[in-house]
Structure formats: C-alpha cells, structure tokens
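Residue strings, one per chain:
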Amino acid sequence: MRYLALLLTLLAAAARADDAKPFNPADYPPAVQKALRYANEECDSQDGGLVTFAPDTVRKIDLTGDGREDYIVDFRDTKCGERETAYCGTGGCVMNVLVTLPDGSVRPVFDGYVRSYKILPPPMKRGAARTIRFDLHGRYCGGFGAQACWKQKAITATPFAFKQPQ
C-alpha cells in the first residue's frame, strides 16, 4: 500500500512538472514578439549573453474592455546573461502595453520605464477601458528621482507616453 501511495505521489508531481512549460516568445502574436526582441537586441548590445524571460514577462488581460486579450510586457525579471538589471534603471523597468484591435492585429500603445504598475478594478460600466496606475520616476511629476509620482491612464487603442514637465 505504501508503494502505491508513493507511486501516485510521484505521478502527481510529474504531471505538475509537465504543466509548467517554459516561456516561449513564439506563443504570442508578432507585435508582442517584436516587443520581446528588444530584450535580445539590448542584451546583445551589452555583450550580455543569453536572455532569460521570467514566466510572467507577458501578461494577457482585457484592458480596453472589448473582450479581446491585450498584453503587458514587463521586463522587470528578465535577465541578460548574469545581469539581472539590464532592463531597469532609476526610472524603473522597461514595460510595453499592447492592445488587440477589432481586426485581430496587435498595436503597441505604450513603451517606457515604469517602477511598478497596478491595474485598477474594472469600471462598473460594461465594456469600459481598464485604468492602470503607473509609478514613475519623480521627474514626470516635476520632481526628482526618489519622489513619488503616480499617473493613471485608461487603456484604449490610442498610443500614449508620459512627458516630463518643462
């Protein structure tokens, strides 16, 4: 009986291991793959070696409220060889937001450095765009690096960027 229990435990563990598949850029649409290629290009420019993506580098979520999956590409935990911060700096880490259009194509709408982000709860109105709160470098709020700077943006198919005040 003990051997049967051990065998069942080993089979269950093997099944879980099979479920955890490695990150594969080819699993995503061409526009997302293009955003991911940035990591390879940047790593090559730094003579960094092999790029290792975290399992959660790409997040699929309907941001525009149209029922289609949109994408957040976050390089926070991406490694360039042994360098863990090749894609990050004092302004945060490289992040892309891409939305799926009615024709099925995917368009980038944001590409920038973000310290962190939070997708706010969905609006009460069905089909409304989700809002993301971005934690940015203090210069985007007229301050300096360490100062808190939050900007919110409802995600639509219109590209956007955060500008520093003059």
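Residues numbered from 1 in each chain as written. Predicted model: local features only at pLDDT ≥ 70, side-chain atom pairs only at ≥ 80, totals over all residues. Heavy atoms only, no water.

Here the focus is the sheet that holds strand S8 (residues 116–119). Ordered in space as S8-S9-S10, the 3 strands form an open sheet in which the pairing is antiparallel. Each edge of the open sheet carries a strand with a single partner, namely S8 and strand S10 (150–154). Taken pair by pair, the neighbouring strands of this sheet meet at an average axis angle of 20 degrees, ignoring direction. In this sheet, S10 lies alongside strand S9 (residues 131–135) in antiparallel orientation, the contact comprising 5 bridges. When the bridges of S10 are listed, Asp135 appears paired with Trp150. (Pairing = 2+ DSSP bridges. Helix = DSSP H or I, 4+ residues; strand = E, 2+ residues; numbered from the N terminus. Axes fitted to C-alpha atoms, helices over the stretch in contact; angles between N-to-C directions.)

Right, let's get into the packing of aromatic side chains. Here the structure, examined in full by the defined rule, presents 12 aromatic pairs. Judged by centre distance (5.0 Å) and plane angle (40 degrees), the rings of Phe23 and Phe53 are tilted. Residue Phe23 is found in the loop between helix H1 (2–19) and helix H2 (30–45), and its partner Phe53 is found in the loop between strand S1 (51–52) and strand S2 (58–61); the two are separated by 30 residues along the sequence. Like Phe23, the residue Phe53 is buried in the burial classification. Between Phe110 and Phe134, the aromatic rings sit 5.3 Å apart at their centres with planes inclined by 45 degrees, giving tilted as the arrangement. With a gap of 24 residues between them, Phe110 in strand S7 (residues 106–114) and Phe134 in strand S9 connect regions that are remote in the sequence. Residue classification places Phe134 among the buried residues on the basis of a relative accessible area of 0%. (Phe/Tyr/Trp six-rings, centres within 6.5 Å; stacked < 30°, edge-to-face > 60°. Buried < 20%, exposed > 50% of the residue type's maximum accessible area, 1.4 Å probe, protein only.)

A few words on the pairing of strand S3 (residues 70–74). Judged by how many residues are buried, S3 sits mostly within the fold: 5 of 5 residues are covered. Where burial is concerned, the two faces of S3 agree: the one with Asp70, Ile72 and Asp74 and the one with Tyr71 and Val73 are both buried. Pairing of S2 with S3, which is carried by 4 bridges, proceeds in the antiparallel orientation. Considered in S3, the bridge of Val58 is made with Val73. Relative to strand S6 (residues 92–100), S3 runs antiparallel, the two sharing 4 bridges. Paired with Val73 across the two strands is Asn96, which belongs to S6.

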